[in-house]
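Here is what each chain is made of, one letter per residue.
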Amino acid sequence: MHRLGDVPARAGSSDDNAVIDFRFRPIGARSWTPQTTYHYLERMGLEPCPSFVQQSEDLMFAEMDAAGIALGVIGVPGPTGIRGLDPTGTAEIGRIVSAHPGRFVGFGSVEPSDVEAAAASLAELASQGMRGVTVDPSTARVSRRFDDRALYPIYEEAQRLGLIVSTTMSCLLGPYQDDCRPEYADRVATDFPQLTVSIQHGGWPYVREAIGVAYKQPNVVIVPGQYVHYGFPGAEDYITALARQLPDQVLFGSVYPNCGPLADLRRIVAGWELPPHIERKYLHDNAVRVLGL
């Protein structure tokens, strides 16, 4: 099984052009069904990546290289019956990481309905080289909010093991929009100050609330993904926070394959005209620190 020590030097080195993509589902891993992916690409007015259309690993790596993406972080929801979701299991993520050493870091996932079993599984995830765990309790068989105290044994164990907890908060996960309120992450970050919490999808549409949580909580990071890259309402707030209040807490994530061509994302980010050291934090340095590379 892949270990963090297998990550190539370029991903964790001073190479400012080596992008670390904190939200990547390579060929063979998925969160959504293909039909759902195409649906949301159409809603965003985006053409799919050719590698996704052809389901070609070789083309995917060529697209990553063209965009300067040295390392992808794989994370998907846990098992769920929610319409449109069809997440890959932890075992398959481990297989992908092992098959391509140095190109990916894996996050495992748990089905948190059985809290005791989920917490007990984290040590095995850590021993397999997983750097974090995805916890999306609102889509589990027993639906809970992220800050439900019944889930605290999972967070306590993740904190003990040094695993990042990643949770997806946006209107697309649900099943209800108020399942994605960032204040739930605030409560967990307060009660587990040594636990790093990653808010995937940036809490959209509760953009300023998510920014406020990260501004208050140094152990919270935001990965806004498509909501900052493609001009969603609130995108400018993410960019302002990155440039001013949260330069160390906003991370790049392409959300591949739910994105346009990867190389276009570099041009989009360049168009924000950030100071070079802030752009470098967004694309590389912040992820290096969070992942401990």
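Here, every reference points to the structure presented above.
What counts as what
- Residues numbered from 1 in each chain as written.
- Predicted model: local features only at pLDDT ≥ 70, side-chain atom pairs only at ≥ 80, totals over all residues.
- Heavy atoms only, no water.
- Helix = DSSP H or I, 4+ residues; strand = E, 2+ residues; numbered from the N terminus.
- Rg over C-alpha atoms; globule rule 2.2 N^0.38 Å.
- Buried < 20%, exposed > 50% of the residue type's maximum accessible area, 1.4 Å probe, protein only.
- Contact = heavy atoms within 4.5 Å.
- Areas by Shrake-Rupley, 256 points an atom, 1.4 Å probe, with all protein chains shown as cover.
- Lys, Arg positive; Asp, Glu negative; His and termini not counted.
- Charge placed at Lys NZ, Arg CZ, Asp CG, Glu CD.
- Salt bridge = Lys/Arg side-chain N within 4 Å of Asp/Glu carboxyl O.
- Right-handed = clockwise from strand over helix to strand, strands pointing away.
- Expected span 1.5 Å × (residues − 1).
- Bend = angle between axes of the 7 residues up to and from the residue.
- Arc of directions from axis to C-beta.
- Axes fitted to C-alpha atoms, helices over the stretch in contact; angles between N-to-C directions.
- Parallel < 35°, antiparallel > 145°, perpendicular 65-115°, else oblique.
- Left-handed = near helix turned anticlockwise from the far one by under 90°.
- Nonpolar A, V, L, I, M, F, W, Y, C, P; charged D, E, K, R; others polar.
- Core = buried A, V, L, I, M, F, W, Y, C linked by side-chain atoms within 4.5 Å.
- Phe/Tyr/Trp six-rings, centres within 6.5 Å; stacked < 30°, edge-to-face > 60°.
- 1 Å grid on protein atoms, 1.4 Å probe; cavity = no way out; pocket = protein on both sides within 12 Å on 5 of 7 lines; lining within 4 Å.
- Points joined across faces, edges and corners; volume = space filled by probe spheres on them.

On to the overall build of the protein. Helix and strand counts for the protein stand at 13 helices and 7 strands. Relative to the globule expectation of 19 Å for 293 residues, the C-alpha radius of gyration of the protein, 17 Å, shows essentially globular dimensions. Of all 293 residues assigned to the protein, the portion counted as buried reaches 58%. Counting contacts in the protein only where the partners sit at least 6 residues apart, residues at least 24 apart contribute 78% of the total. Total accessible area on the protein stands at roughly 11,700 Å², and carbon and sulfur atoms take up 49% of it. Taking the average location of the 25 positive side-chain charges in the protein and that of its 34 negative ones, the two points are 2 Å from each other.

A word on the side chain of aspartate 179. With respect to the secondary-structure elements, aspartate 179 resides in the loop between β5 (164-168) and α8 (183-191). Nearest to the buried, unbridged aspartate 179 among oppositely charged side chains is arginine 145, at 4.4 Å. If we ignore the near neighbours within four places in the chain, the residues touching aspartate 179 are Ser138, Arg145, Gly174 and Tyr184.

With that settled, consider the pairing of strand β7 (residues 220-223). Two faces belong to every sheet, and in a regular strand the side chains alternate between them. In β7, alternate side chains face the same way, and those of Val220 and Ile222 on one face and Val221 and Val223 on the other are all buried. In this fold, strand β6 (residues 197-200) hands off to helix α9 (residues 207-216), which returns the chain to β7; that crossover is right-handed.

Here we come to helix α13 (residues 276-291). In this model, α13 (16 residues) spans 22 Å end to end at C-alpha, consistent with the 22 Å of a helix rising 1.5 Å per residue. When the local axis directions of α13 are compared, the greatest deviation, roughly 55°, occurs at tyrosine 282. Restricting attention to buried positions, one finds in α13 the residues Ile278, Tyr282, Leu283, His284, Asn286, Ala287, Val288, Val290 and Leu291. Trailing α13 by a residue or two, glycine 292 shows a phi angle of about 70°, which is positive.

What follows is about helix α12 (residues 262-270). For α12, the complete set of buried residues consists of Leu262, Leu265 and Val269. Down the axis of α12, the smallest arc covering the buried residues is 35°, so these residues share one side. Of the surrounding elements, those touching the buried residues of α12 are α4 (57-66), β2 (69-74), α10 (226-229) and α13.

As a further point, take the packing of α9 against helix α11 (residues 235-243). What describes two packed helices is the angle between their axes and the distance between those same axes. Interhelical geometry of α9 versus α11 gives an angle of 20° and a closest axis separation of 9 Å. Classified by the angle their axes make, α9 and α11 are roughly parallel. For the element pair α9 and α11, the recorded crossing hand is right-handed. Every residue of α11 that contacts α9 at Val207, Arg208 and Ile211 is listed here: Asp237, Tyr238 and Ala241. When the residues that make up the contact of α9 with α11 are grouped by side-chain class, the tally is 4 nonpolar, no polar and 2 charged.

So, on to the nonpolar core. Among the nonpolar cores identified, the biggest contains 77 residues, and Phe104, Phe146, Ile154, Tyr155, Tyr256, Leu262 and Tyr282 are the most heavily contacted of them. Those residues in contact with leucine 262, other than ones at most four positions away along the chain, are Phe24, Cys49, Glu63, Met64, Ala67, Ile69, Ser254 and Tyr256. Residues Leu71, Ile164, Val223 and Val290 belong to the second largest nonpolar core, which totals 14 residues.

Let's shift gears to the packing of aromatic side chains. In total, this model carries 14 aromatic pairs according to the counting rule given. Note on phenylalanine 24 and tyrosine 256: the rings are 4.7 Å apart at their centroids and 5° apart in plane angle, and the pair reads as stacked. Here the residue phenylalanine 24 occupies a position in the loop between β1 (19-21) and α2 (34-44), and tyrosine 256 occupies one in the loop between α11 and α12, the gap between them amounting to 232 residues. Owing to a relative accessible area of 0%, phenylalanine 24 belongs among the buried residues under this scheme. Ring plane angle 10° and centroid distance 4.9 Å describe the contact between tryptophan 204 and tyrosine 227, whose orientation is recorded as stacked.

Another point: empty space enclosed by the protein. Using the criterion set out here, one finds 3 cavities of 30 Å³ or more in the structure. Lining the largest cavity we find 13 residues, and of these Ser138, Thr167, Thr168, Leu173 and Asp179 sit closest to its centre. Taken together, the residues of the lining of the largest cavity break down into 5 nonpolar, 5 polar and 3 charged.

Empty space within the second largest pocket amounts to approximately 190 Å³. As for the second largest pocket, its lining consists of 16 residues, of which Ala29, Arg30, Trp32, Phe52 and Gln55 are closest to the centre.

Before going further, it helps to spend a moment on the side chain of glutamate 157. Within the secondary structure, glutamate 157 is located in helix α7 (residues 152-161). Look at glutamate 157 and you get buried, because its relative accessible area is 17%. Each residue touching glutamate 157, except ones within four places of it in the same chain, is listed here: Ala119, Leu122 and Ala123.

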